[in-house]
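Listed here are the chains, written in short residue letters.
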Amino acid sequence: MKLHPIVVFLLDGLADRAHEALGGRTGVVVSLSERGTARSMLTDRGVGPQLAASALDPRWFDECSWLHLPAYSLVAAPVAGAAVAAAALAPRLSVDLSSTAALRGYGIGRFRALLGRLRPAVVLGTEAEAAAVGDLPDCELVVKLGPAGVRAGGQVYPAIATRPVDSTGAGDAFAAGYLLGGISLGLRAAARAVARMGAMP
């Protein structure tokens, strides 16, 4: 797997790299969408969560300027150790809050303390996730508002009008676009993602 030179997504321990390092099956996600506005997901993470820091190869992060970590990769061992070690190898870090259930299961105070140690430049989350973690000093908080767009720096930026087909991957598309080119590119990427069935490649 060739890593993008600008943005790296570490999802459950870089699933393909975990498969190479550990053997076993890669992860599978099944997404069920109803009219493009609601979805349910069935997840088998395979060996991804078993990736440990000792299996990381620093060369995986050569020329990367961002590392983007979902909270899922920070709240379960041993992949959390790999995620923290990977964060030390990238010049800039962003974190997606991922799930209120995952945050509460790990412990909100404990997760806030972890963010304090990691010092991400950007944190992204839904309104519910952002409310759960509260104020996060020393980082930019970008709140994803679904069809209403996003809120950043106290300002709401409306979503780009599109015909929703499937919301799968819209948050990740926004994050990638945002890290590469700011809010405008993020919103365009999200609009493109929801206008097609399946996660946008």
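Look above for the structure.
Values in this document were obtained by computation on a predicted structure and should not be read as measured data.

Undergrad: Please give an account of the pairing of strand β4 (residues 66-70) that cites residues and values.
TA: Burial runs high along β4: 5 of the 5 residues are buried. Along β4, one buried face is formed by W66, H68 and P70 and the opposite face, lined by L67 and L69, is buried too. Bridge count for β4 against strand β5 (residues 93-96) is 4 bridges, and the pairing is parallel. The residue of β5 that forms the bridge with P70 is D96. Once you follow β4 into helix α2 (residues 79-87) and on to β5, the crossover reads as right-handed.

Undergrad: Mind laying out the environment of P70, listing which residues take part and the relevant values?
TA: Residue position: P70 is located in strand β4. Relative accessible area serves as the criterion here: at 10%, P70 is assigned to the buried category. Between the C-alpha atom of P70 and that of S99, which follows or precedes it by 29 residues, the distance is 9.2 Å.

Undergrad: A description of helix α7 (residues 183-194) should follow, citing residues and the corresponding values.
TA: Counted at 1.5 Å a residue, the expected span for α7 with its 12 residues is 16 Å, and the 16 Å between its end C-alpha atoms agrees. Turning to α7, the residues buried within the fold contact β8 (150-152), β9 (155-157) and α6 (170-181).

Conventions used here
Residues numbered from 1 in each chain as written. Predicted model: local features only at pLDDT ≥ 70, side-chain atom pairs only at ≥ 80, totals over all residues. Heavy atoms only, no water. Buried < 20%, exposed > 50% of the residue type's maximum accessible area, 1.4 Å probe, protein only. Helix = DSSP H or I, 4+ residues; strand = E, 2+ residues; numbered from the N terminus. Pairing = 2+ DSSP bridges. Right-handed = clockwise from strand over helix to strand, strands pointing away. Expected span 1.5 Å × (residues − 1). Contact = heavy atoms within 4.5 Å.

Everything listed is a geometric property; what it means functionally is a separate question.
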